[in-house]
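# Working through the structure, step by step
One letter stands for each residue in the lines below.
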Amino acid sequence: MIKITDLNKTYNYKKPNAFHALHDISLEIADGEMTAIIGRSGAGKSTLLHIIGCIDKFESGSYEIDGKDVSKLSDRELSKVRNKMVGIVMQDFALIDSYTVIQNVMTPLYFAKIKGKRAKEMCISALKAVNMEEYADKPITNLSGGQKQRIAIARAIVNDPSFILADEPTGALDTKTSEEIIQLFKKLNEEGKTVIIITHDKTVADSCTRQIEISDGKIISDNRSAARQK
Ligand SMILES: Nc1ncnc2c1ncn2[C@@H]1O[C@H](COP(=O)(O)OP(=O)(O)OP(=O)(O)O)[C@@H](O)[C@H]1O
Ligand SMILES: [Mg+2]
């Protein structure tokens, strides 16, 4: 479970160009929820997702994953949590162009020190989950936007994380491909993963059981209780 309490995030903290991006955020996300984070450009959605994904820090408040205070972990413990618990699909895919498909999917396993045959099997299984196994040895640069999105998802799930975080996973896709990607997230959620998706797309938001809206770094609505009654 994710529990955030009174969290504040300021970019360039204590510097003249400081920017207070998140204000007193309190939020709980239970295991197995499928949540959309919505809000205008610049609202603070990616900032919040990066904090949930343990790839960015904050100056006050607390963040607990399964009762563990993230801010008290050493850098080593934190990278372990990040690697084992969280799979992130970034806004711009963040794939490595000079790598093949399978080399991209394998990068989290390299950090987890999983190698050889087992690593390869895990990659093929992640690629199968996104229907891209035939592309394993193809260069990333040859793929379409939707195919790259699938590879970014395969890389996020390869190490079997508890949470899958996705930043605008359908932002650059046509309606049909976007629907396929959402079905993929739904399937992962049905298999037990906690899924958090940032989106501008109402169809995508509606396909999640919970919607949290952020404006100017604050949560302005959250239909969690309604979602729970469903
Ligand atoms: N590295 C940074 N340094 C300073 N300010 C930043 C940095 N990253 C983001 N910001 C600012 O923080 C605010 C929130 O940014 P964030 O990227 O979280 O927005 P967003 O809701 O994800 O927007 P979008 O929908 O456009 O992706 C914005 O005003 C942005 O300019
Ligand atoms: Mg963003």
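A few points on the structure.

What counts as what
Residues numbered from 1 in each chain as written. Chains lettered and ligands numbered in written order. Predicted model: local features only at pLDDT ≥ 70, side-chain atom pairs only at ≥ 80, totals over all residues. Heavy atoms only, no water. Pairing = 2+ DSSP bridges. Helix = DSSP H or I, 4+ residues; strand = E, 2+ residues; numbered from the N terminus. Contact = heavy atoms within 4.5 Å. Axes fitted to C-alpha atoms, helices over the stretch in contact; angles between N-to-C directions. 1 Å grid on protein atoms, 1.4 Å probe; cavity = no way out; pocket = protein on both sides within 12 Å on 5 of 7 lines; lining within 4 Å. Points joined across faces, edges and corners; volume = space filled by probe spheres on them. Nonpolar A, V, L, I, M, F, W, Y, C, P; charged D, E, K, R; others polar. Donors = N, O, S within 2.8 Å, 3.2 Å for Na, K, Ca; no water. Buried < 20%, exposed > 50% of the residue type's maximum accessible area, 1.4 Å probe, protein only. Salt bridge = Lys/Arg side-chain N within 4 Å of Asp/Glu carboxyl O.

## Focus on the sheet that holds strand β5 (residues 68-69)
Reading across from one edge, β2-β1-β4-β5 is the order of the four strands in this open sheet, with antiparallel pairing throughout. Single-partner strands in this sheet number two, and they are β2 (19-29) and β5. Pairing analysis gives two bridges linking strand β4 (residues 60-65) to β5, with the strands arranged antiparallel. Along β5, the bridge assignment pairs Glu64 with Asp69. On top of the sheet, helix α1 (residues 45-52) reaches β1 (2-11), β2 and β4; it is set at about 125° to β1, its chief contact.

## Here's the deal with the layout of surface pockets
Here the largest pocket defines a volume of roughly 740 Å³. Of all the secondary-structure elements, those providing two or more residues to the lining of the largest pocket are α2 (75-85), β6 (86-89), α3 (101-111), α4 (116-129) and α5 (145-157). With six residues, the top contributor of residues to the lining of the largest pocket is α2. Broken down by class, the residue content of the lining of the largest pocket amounts to 13 nonpolar, five polar and seven charged. Considering only enclosed or pocket space, the second largest pocket measures out at about 150 Å³ in volume. Lining the second largest pocket, in full, are Ile51, Cys54, Asp56, Lys57, Phe58, Val70, Ser71, Leu73, Asp75 and Leu78. Here the lining of the second largest pocket is built from residues that sort into six nonpolar, one polar and three charged.

## Side note on the side chain of Asn189
Tracing the backbone through its elements, the reader meets Asn189 in helix α6 (residues 175-190). The residues touching Asn189, leaving out its near neighbours within four places in the chain, are Gly32, Glu33, Met34 and Val195.

## Here we look at the coordination of the magnesium ion (ligand 2)
Only Ser46 (OG) and Gln91 (OE1) from the protein reach the magnesium ion (ligand 2) as donors, at distances of 2.0 to 2.7 Å. Placement of Ser46 in helix α1 and of Gln91 in the loop between β6 and α3 is noted, with a sequence separation of 45 residues between them. Looking at Gln91, the relative accessible area reads 47%, which means it is partly exposed.

## A look at the environment of Gly44
Relative to the helices and strands, Gly44 is located in the loop between β3 (34-38) and α1. Here the alpha-carbon distance between Gly44 and Val105, two residues 61 residues apart in the chain, equals 28 Å. If sequence neighbours within four positions are ignored, Gly44 has contacts with Ala21 and Leu22.

## Examining α3
Three- or four-residue spacings in an α-helix give side chains the same orientation, since the helix completes a turn every 3.6 residues. Inspection of α3 places Val101, Ile102, Asn104, Val105, Thr107, Pro108 and Leu109 among the buried residues, and these make up the whole buried set. Residues of α3 that are buried sit in contact with α2, α4 and α5. Phi turns positive, to about 60°, at Lys113, one or two residues after α3.

## Quick look at the pattern of salt bridges
Per the counting criterion, the structure on display carries twelve salt bridges. A salt bridge links Arg150 to Glu180; the shortest N-O distance between them is 2.8 Å. One end of the pair, Arg150, is in helix α5; the other, Glu180, is in helix α6, with 30 residues separating them in the sequence. Here Lys202 ties to Asp206 by a salt bridge, and the two come within 2.8 Å at their closest N and O atoms. With Lys202 and Asp206 both in helix α7 (residues 202-206), this residue pair falls four residues apart, about one helical turn. Owing to a relative accessible area of 60%, Lys202 belongs among the exposed residues under this scheme.

## Structural notes on the sheet that holds strand β9 (residues 210-215)
Taking strand neighbours across the sheet as the criterion, the six strands line up as β6-β7-β8-β3-β9-β10 in an open arrangement whose pairing is mixed. Across the chains shown, the open sheet's two edge strands, defined by having one partner strand only, are β6 and β10 (218-222). Across the sheet, the mean angle from the axis of one strand to that of its neighbour is 20°, orientation sign disregarded. Where strand β7 (residues 163-167) and strand β8 (residues 194-198) come together, five bridges link them in parallel fashion. The residue of β8 that forms the bridge with Leu165 is Ile196. Sitting on the sheet, α1 touches β3, β7, β8 and β9, and the angle it makes with β7 is about 155°.

In short, geometric facts, not functional conclusions.
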